[in-house]
Amino acid sequence: MDRWFQIRTIAAIARHGTVSAAARELQLHRATVLRHVDLMEDSLGVRLFLRHARGYTPTPAALELASVVQRAQSDIAKIVTAEQIDQGSVSGRVTITATSLMAQTFMPYLAAEVSDTPSLYIHCLTGVGIEALEDGKVDIAIRIGQKPKIPEYVVQSLGEIRFGLYGSPAYISRNGHPKDVHDLEGHIFAGPLNDGPRVGPLAWLLDNVPDAQFQLRSDDAQVLSTLVFDGQALGTIPTYVADKAGLVSVIVEAGLWTAPLWAVTHRDAHRSKRVQFCLSAIKDAVKQRSFMDDLAVEPIG
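The structure presented is a predicted model; accordingly, all values stated were derived computationally and were not measured.

J.: What should I look at first to understand the overall build of the protein chain in this one?
T.: Check the secondary structure of the protein chain and you find twelve helices and eleven strands. Sorting the 301 residues of the protein chain into buried and exposed places 43% on the buried side. For the protein chain, contacts bridging at least 24 residues in sequence account for 71% of all contacts bridging at least 6. Accessible surface, the protein chain: about 16100 Å² in total, of which carbon and sulfur atoms supply 52%.

Structure (structure tokens):
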């Protein structure tokens, strides 16, 4: 509100009856208080006070403004109290954003944790950028690749994702099994867009596979994985996903393709109990043996 400070000054004068008392309450100079009165009267085109030797008597317009201020301050106090209660409990909604593959990986673990906390609700968004942390639309972002460096973000390492180059049994049966990295000519690849992120295996693909062999491209990892599962192309897949899907490994070398995994929160929401509860569940997930073998190359401290 453009005139909030001036309206608050009018309310203080109406409450105390003198400029001096209002100035003391608001910790303003007397001249500033008088200027606020003049600005409001000029802006509204009405008289707000009747000046006399004993002080300032508020007009009906001033009393109405004072009532507005009182209601606003009461509403603000209720909002602050409710938020403090909410921040201090493991309840309410936590919104997480992740790629489709990461969401499929983490959501079952979170679901198991939430089963004993019926007042906590998890919403997972797969089409939202990390910038959604800024306006509170998202509480936690799970991201693969370069570490976010925005000062307002709290960034925690979850380990590294190991990838390999895979094909489905149907694709290998139809097109043959490449012997090594030098035997990829003639094969069809599902890969990223040329202007997409260059992370680990994606960078390797773009640097080592001719454009002509990328018959299928997408900016969505889930789409690329589906094309590999369906036998349409070769592609890079997280090893733990490929193993579960029964894919055939073409190139899987320890340390060749890894990408760091991060849990990112905004510092304003980071310490709330519900966010901390979910972060703890996410960290516990990557410590489990099924993750340690194939997803977390380095244990999380």
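And the narrative resumes.
J.: Sorry, what's going on with the packing of aromatic side chains here?
T.: Between two aromatic rings, the relevant description is the distance of the centres plus the angle of the planes. Across all of its chains, the model carries two aromatic pairs by this definition. Ring centres of F49 and Y56 lie 5.7 Å apart, and the angle between their planes is 65 degrees; this geometry places the pair in the edge-to-face category. Per residue, the accessibility class of F49 equals that of Y56, and both read buried.

J.: It is not clear to me how the nonpolar core should be interpreted in this structure. Could you clarify?
T.: Side chains of a nonpolar character, in soluble globular proteins, are inclined to be buried together. Counting residues in each nonpolar core, the largest one holds 46 residues, and the members touching the most others are F106, I122, I140, L165 and F189. Among the elements that line this core, the one with the most residues is helix α11 (residues 273-287), at seven residues. Listed in part, the 20 residues of the second largest apolar core include A11, V19, M40 and L48.

J.: Would you mind showing me how to read the pairing of strand β1 (residues 49-52) here?
T.: For a regular strand, the rule is simple: side chains alternate between the two faces of the sheet. Relative to strand β2 (residues 55-58), β1 is paired through four bridges, and the arrangement is antiparallel. Each bridged residue has a counterpart across the sheet, and for L50 the counterpart in β2 is T57.

J.: Sorry, what's going on with α11 here?
T.: Note that an α-helix has 3.6 residues per turn; residues three or four places apart therefore point the same way. The terminal C-alpha atoms of α11 lie 21 Å apart, and with 15 residues this matches the ideal 21 Å at 1.5 Å per residue to within 8%. Those residues of α11 that fall on the buried side of the exposure criterion are R274, V275, C278, L279, A281, I282, A285 and V286. Relative to the axis of α11, the buried residues are bounded by an arc of 160 degrees and lie together on one face.

J.: Would you explain the pattern of salt bridges in this entry?
T.: Per the stated rule, a full pass over the model turns up four salt bridges. As a salt-bridge pair, R51 and E41 come within 3.1 Å of each other at their nearest N and O atoms. Within this pair, whereas R51 is found in strand β1, its partner E41 is found in helix α3 (residues 30-44), the two being separated by ten residues in sequence. For the salt bridge of D183 with K179, the shortest nitrogen-to-oxygen distance reads 4.0 Å. D183 gets classed as partly exposed once you look at its relative accessible area, which sits at 27%.

J.: Sorry if this is basic, but what is going on with the packing of helix α1 (residues 4-16) against α3 here?
T.: Across the interface, α1 lies against α3 with an axial gap of 9 Å and an inter-helix angle of 110 degrees. What the angle tells us is that α1 and α3 run roughly perpendicular. Here F5, Q6, I7, T9, I10 and I13 of α1 lie close against α3, whose contacting residues are V33, H36, V37, L39 and M40. Of the residues assigned to the contact of α1 with α3, the class counts are eight nonpolar, three polar and no charged.

J.: Sorry if this is basic, but what is going on with the pairing of strand β6 (residues 153-167) here?
T.: Counting buried positions along β6 gives twelve out of 15 residues, so the element sits mostly inside the fold. In this structure, β6 lies alongside strand β11 (residues 258-266), joined through nine bridges in antiparallel fashion. Looking at the pairing, E160 lines up with P260 of β11. In the sheet, β6 pairs with strand β9 (residues 235-238) via four bridges, with the strands oriented antiparallel. Following the sheet pairing, F163 is matched in β9 by P238.

J.: Any chance you could explain the environment of I188 here in plain terms?
T.: Inspection of the secondary structure puts I188 in the loop between α6 (169-175) and β7 (190-191). Its relative accessible area of 25% is what places I188 among the partly exposed residues. Residues I188 and F214, 26 residues apart in the sequence, show an inter-C-alpha distance of 6.3 Å. Those residues in contact with I188 that lie beyond four places of it in its chain are Y171, Q213, Q215, Q232, A233 and L234.

The rules behind the values
Residues numbered from 1 in each chain as written. Predicted model: local features only at pLDDT ≥ 70, side-chain atom pairs only at ≥ 80, totals over all residues. Heavy atoms only, no water. Helix = DSSP H or I, 4+ residues; strand = E, 2+ residues; numbered from the N terminus. Buried < 20%, exposed > 50% of the residue type's maximum accessible area, 1.4 Å probe, protein only. Contact = heavy atoms within 4.5 Å. Areas by Shrake-Rupley, 256 points an atom, 1.4 Å probe, with all protein chains shown as cover. Phe/Tyr/Trp six-rings, centres within 6.5 Å; stacked < 30°, edge-to-face > 60°. Core = buried A, V, L, I, M, F, W, Y, C linked by side-chain atoms within 4.5 Å. Pairing = 2+ DSSP bridges. Expected span 1.5 Å × (residues − 1). Arc of directions from axis to C-beta. Salt bridge = Lys/Arg side-chain N within 4 Å of Asp/Glu carboxyl O. Axes fitted to C-alpha atoms, helices over the stretch in contact; angles between N-to-C directions. Parallel < 35°, antiparallel > 145°, perpendicular 65-115°, else oblique. Nonpolar A, V, L, I, M, F, W, Y, C, P; charged D, E, K, R; others polar.

These figures come from the coordinates and say nothing about function on their own.
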